[in-house]
Number of protein chains: 2
Amino acid sequence: MPERRPRADATRNREAVLAAADDLFARCASPDEVTMAAVATAAGVGKATLFRGYGDRAGLLRALWQARLGPLWAEVEQGPPPLGPGTPPRQRVAALLDAMLCFKLDHRHLASALESSGAGSPYGTEQYARAHRLLRAELAGLPGQDSDFTAHALLSAVRADLVVHLAAAPDHDREAARTALAELVAAVLGDPVDRRADLTARTADEARP
Amino acid sequence: MPERRPRADATRNREAVLAAADDLFARCASPDEVTMAAVATAAGVGKATLFRGYGDRAGLLRALWQARLGPLWAEVEQGPPPLGPGTPPRQRVAALLDAMLCFKLDHRHLASALESSGAGSPYGTEQYARAHRLLRAELAGLPGQDSDFTAHALLSAVRADLVVHLAAAPDHDREAARTALAELVAAVLGDPVDRRADLTARTADEARP
DNA sequence: AACCTATACGGACCGACAGTCCGTTTTCAA
DNA sequence: TTGAAAACGGACTGTCGGTCCGTATAGGTT
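The shown structure was predicted, so the numbers you read here are calculated from the model rather than taken from an experiment.

Asker: What should I look at first to understand the pattern of salt bridges in this one?
Answerer: Charged atoms that come close allow side chains of opposite charge to pair. Residues and elements named next belong to chain B. One pass over the structure, following the stated rule, counts 20 salt bridges over all chains. In this structure, the salt-bridge partner of Arg92 is Glu138, at a minimum N-O distance of 2.7 Å. Taken together, the residues span a long stretch of sequence, with Arg92 in helix H5 (residues 89–106) and Glu138 in helix H7 (residues 126–140) at a distance of 46 residues. Judged by relative accessible area, which is 12%, Glu138 ranks as buried. One salt bridge connects Glu126 with Arg133, and the closest N-O pair in it is separated by 3.4 Å. Judged by its relative accessible area of 43%, Arg133 is partly exposed.

Asker: Just to check I follow, could you spell out the protein's contact with DNA strand C for this structure?
Answerer: Lining the immediate surroundings of DNA strand C are 21 residues, of which Ala8(A), Lys47(A), Arg7(B), Asn13(B) and Ala48(B) lie closest. Ala8(A) places a polar main-chain atom, nitrogen or oxygen, 2.9 Å from a phosphate oxygen of DNA strand C. Note that a phosphate oxygen of DNA strand C is positioned 3.4 Å from one of the side-chain N or O atoms of Thr49(B). Within the residue set of the surface near DNA strand C, elements represented by two or more residues are helix H1 (8–27) and helix H3 (47–54) of chain A together with helix H1 (8–27) and helix H3 (47–54) of chain B. Looking at which element gives the most residues to the surface near DNA strand C, the answer is H3(B), with four residues. Classifying every residue of the surface near DNA strand C gives seven nonpolar, four polar and ten charged.

Asker: Hey, could you run me through the UniProt feature "DNA-binding region" (unreviewed entry) in chain A in this one?
Answerer: The sites that carry the UniProt feature "DNA-binding region" (unreviewed entry) are, in the present numbering, residues 35–54 of chain A. As annotated, residues 35–54 of chain A has a helix share of 80% and a strand share of 0%, and its two end C-alpha atoms lie 14 Å apart.

Asker: I'm lost on helix H8 (residues 147–156) of chain B in this one. Help?
Answerer: Side chains three or four residues apart in an α-helix point the same way, a direct result of the helix having 3.6 residues per turn. Counted residue by residue, H8(B) has nine buried out of ten residues, so it is predominantly covered. For H8(B), the set of buried residues is Ser147(B), Phe149(B), Thr150(B), Ala151(B), His152(B), Ala153(B), Leu154(B), Leu155(B) and Ser156(B).

Asker: Would you mind going over unusual backbone geometry with me for this structure?
Answerer: If a residue is not glycine, its phi is most likely negative; likewise, a peptide bond is most likely trans. In this model, Pro81(A) is joined to Pro82(A) through a cis peptide bond whose omega is 5°. With respect to the helices, strands and loops of the structure, Pro82(A) is situated in the loop between helix H4 (57–78) and helix H5 (89–106).

Asker: Can you help me understand the packing of H1(B) against helix H4 (residues 57–78) of chain B in this one?
Answerer: The relative placement of two packed helices comes down to the angle between their axes together with the axis-to-axis distance. Residues and elements named next belong to chain B. Running from amino to carboxyl end, H1 crosses H4 at an angle of 90°, the nearest separation of the two axes being 10 Å. Between H1 and H4, the interaxial angle falls into the category roughly perpendicular. The segment H1 lies against H4, with Val17, Leu18, Ala21, Asp22 and Phe25 engaging Arg57, Leu60, Leu61, Leu64, Ala67 and Arg68. Looking at the contact of H1 with H4 residue by residue, the classes come out as eight nonpolar, no polar and three charged.

Asker: What is the right way to look at the protein's contact with DNA strand D in this model?
Answerer: Looking at DNA strand D, there are 21 residues lining it, with Arg7(A), Asn13(A), Ala48(A), Lys47(B) and Arg57(B) nearest. The share of sugar and phosphate among atoms of DNA strand D within 4 Å of the protein is 59%. Taking Arg7(A), its side chain carries an N or O atom lying 2.3 Å from a base nitrogen of DNA strand D. Contact distances for DNA strand D include 3.1 Å between a phosphate oxygen and a side-chain N or O atom of Arg52(A). At the level of secondary structure, the elements contributing two or more residues to the surface near DNA strand D comprise H1 and H3 of chain A together with H3 of chain B. Grouping the amino acids of the surface near DNA strand D by side-chain chemistry returns seven nonpolar, five polar and nine charged.

Asker: I would appreciate a short explanation of the side chain of Ser112(A) in the present structure.
Answerer: Tracing the backbone shows Ser112(A) in helix H6 (residues 108–118). Setting aside its immediate chain neighbours within four residues, Ser112(A) contacts Pro31(A), Ser117(A), Ala160(A) and Val164(A).

Asker: Would you take a moment to explain the environment of His132(A) for this structure?
Answerer: Residues and elements named next belong to chain A. Mapped onto the fold, His132 is located in helix H7 (residues 126–140). When neighbours within four sequence positions are excluded, His132 is seen to be in contact with Asp148, Ala151, His152 and Leu155. A polar contact is formed between the side chain of His132 and the backbone oxygen of Asp148, at a distance of 3.0 Å.

Asker: In this structure, what is going on with the packing of H5(A) against H7(A)? I would like to understand it.
Answerer: All names here are of chain A. Contact geometry for H5 and H7: axes closest at 9 Å, N-to-C directions at 155°. The angle between the axes of H5 and H7 places the two elements in the roughly antiparallel class. The handedness of the crossing between H5 and H7 comes out as left-handed. Across the interface between the two elements, Pro89, Arg92, Val93, Leu96 and Met100 from H5 touch Ala131, Leu134, Leu135, Glu138 and Leu139 from H7. Split into classes, the residues belonging to the contact of H5 with H7 amount to eight nonpolar, no polar and two charged.

Asker: What exactly am I supposed to notice about the nonpolar core here?
Answerer: Proteins that are soluble and globular tend to have nonpolar side chains buried together. Ranked by internal contacts, the top residues of the largest apolar core, which has 124 residues, are Leu181(A) and Leu181(B). Non-local contacts of Leu181(A), meaning those with residues more than four positions away in its chain, are made with Leu97(A), Asp98(A), Leu101(A), Ala157(A), Val158(A) and Phe149(B).

Asker: Would you mind showing me how to read the environment of Leu24(A) here?
Answerer: Here Leu24(A) is to be found in helix H1. Remark: the alpha-carbon pair of Leu24(A) and Ala38(A), spanning 14 residues in sequence, is separated by 8.4 Å.

Asker: How should the confidence of the model for chain A be read in this particular structure?
Answerer: Low-pLDDT stretches of the model should not have their predicted coordinates read in fine detail. Residue and element names in this part refer to chain A. Overall, the predicted model of chain A reaches an average pLDDT of 87, with 88% of residues at or above 70. Taken element by element, chain A is modelled with least confidence in helix H11 (residues 192–207), mean pLDDT 41, and with most confidence in helix H8 (residues 147–156), mean pLDDT 97. Considering only residues more than four positions removed or in separate chains, one finds that residues 194–209, a stretch of pLDDT under 50, has 15 contacts.

Parameters and conventions
Residues numbered from 1 in each chain as written. Chains lettered and ligands numbered in written order. Predicted model: local features only at pLDDT ≥ 70, side-chain atom pairs only at ≥ 80, totals over all residues. Heavy atoms only, no water. Salt bridge = Lys/Arg side-chain N within 4 Å of Asp/Glu carboxyl O. Helix = DSSP H or I, 4+ residues; strand = E, 2+ residues; numbered from the N terminus. Buried < 20%, exposed > 50% of the residue type's maximum accessible area, 1.4 Å probe, protein only. Near = heavy atom within 4 Å. Polar contact = N/O pair within 3.5 Å; in protein donor to acceptor, adjacent residues only side chain to side chain. Nonpolar A, V, L, I, M, F, W, Y, C, P; charged D, E, K, R; others polar. UniProt positions renumbered as here; feature names shortened; annotations may be inferred. Axes fitted to C-alpha atoms, helices over the stretch in contact; angles between N-to-C directions. Parallel < 35°, antiparallel > 145°, perpendicular 65-115°, else oblique. Contact = heavy atoms within 4.5 Å. Left-handed = near helix turned anticlockwise from the far one by under 90°. Core = buried A, V, L, I, M, F, W, Y, C linked by side-chain atoms within 4.5 Å. pLDDT = per-residue confidence, 0-100.

Laid out in structure tokens, this is it:
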């Protein structure tokens, strides 16, 4: 079997569809006002081409997400610290969550499209499973609670629709959000340094009668 | 204006619809195989009666959720400790989250129906706003991080689809889940007792070269 | 009991959208 | 050049949420 490579027009159209979809999701307020027909038209392509290329709506969303997430994930898997492997667990977990928050802030439209109209719940997607496995593995090297549940809980703090909700607030501030998340992570991990300082200060305040 | 009360058949039908919907959601695997027509038929009622009574699908879901959640919410607002008011913040937050976890475990089908096919994201519903306000208020009385974000993060740890996902695992154990959540809450709140003990142990381990 | 009307009922109907089918066009290797 | 595999596109279908409107009924009035 000579293993033909795909035809030129096919790959060209794949690209066009992804670009068109990205653009439309960015432009529209709600993900589900972006119909498959609209994507097809915007990409200058027939509807069947969408479905042939991606199976269904959820497939298109997943592919688009995958394409955008690719670089970040590569950095996580084989990049330098603090995202890459070989980083001490505490720092890597913090870096991972910070990166996810930033990524989702930068790709809100896609993120919410994926979660809401995408494929029901994010749990059960391969993406989620990978992120969860990684996080759980890092947490397992740390003292403290049930690493499986903790990984879920940390990931849930950067879920797309929560991020979208936070970012939609009139007084939203990216850096403040990152700080708040970092503090949460530190608290959950029981960061020895911050926690000790924090404890000390609080004790000093409260102990004074 | 004499403020007529609704006709007897109207209220009877309202009940019937709620009961039928609850039953159907419990019986079906995925929430969106429960069509409005099916609910109408199961309730022995015309489709228009559903829409007249609840506006749209999301409205029906919300009403159903509200009806089931009512008792719990009443307990939170005016019941005895630890759920009711007057409880010390740490304990009340823990009790609230535990209660939410249990409630969602007991009403998985409804919970996931509400979140997935319901009305897109839970943020923006009055229900969520109330829970968030309450939690934030309790957290504000505690030292530590940004109480607004922390409230969101804690609530996200008991989101319906996460709970459903956890409960679907073959080795799921209700008590273990409650414990894991309680530990998470303690960590996030920086529970002074547990935390200090924990710190001591860990420091002793790590400090030794 | 007969009557009257606001209120509610129900199922035929509509528009929209995800997903499919099939005749036509394009690529590309021989 | 040619022919067949690969890809295309838009008309078509099935389903579902939601509406419309003629009909039935509750329940107050006489």
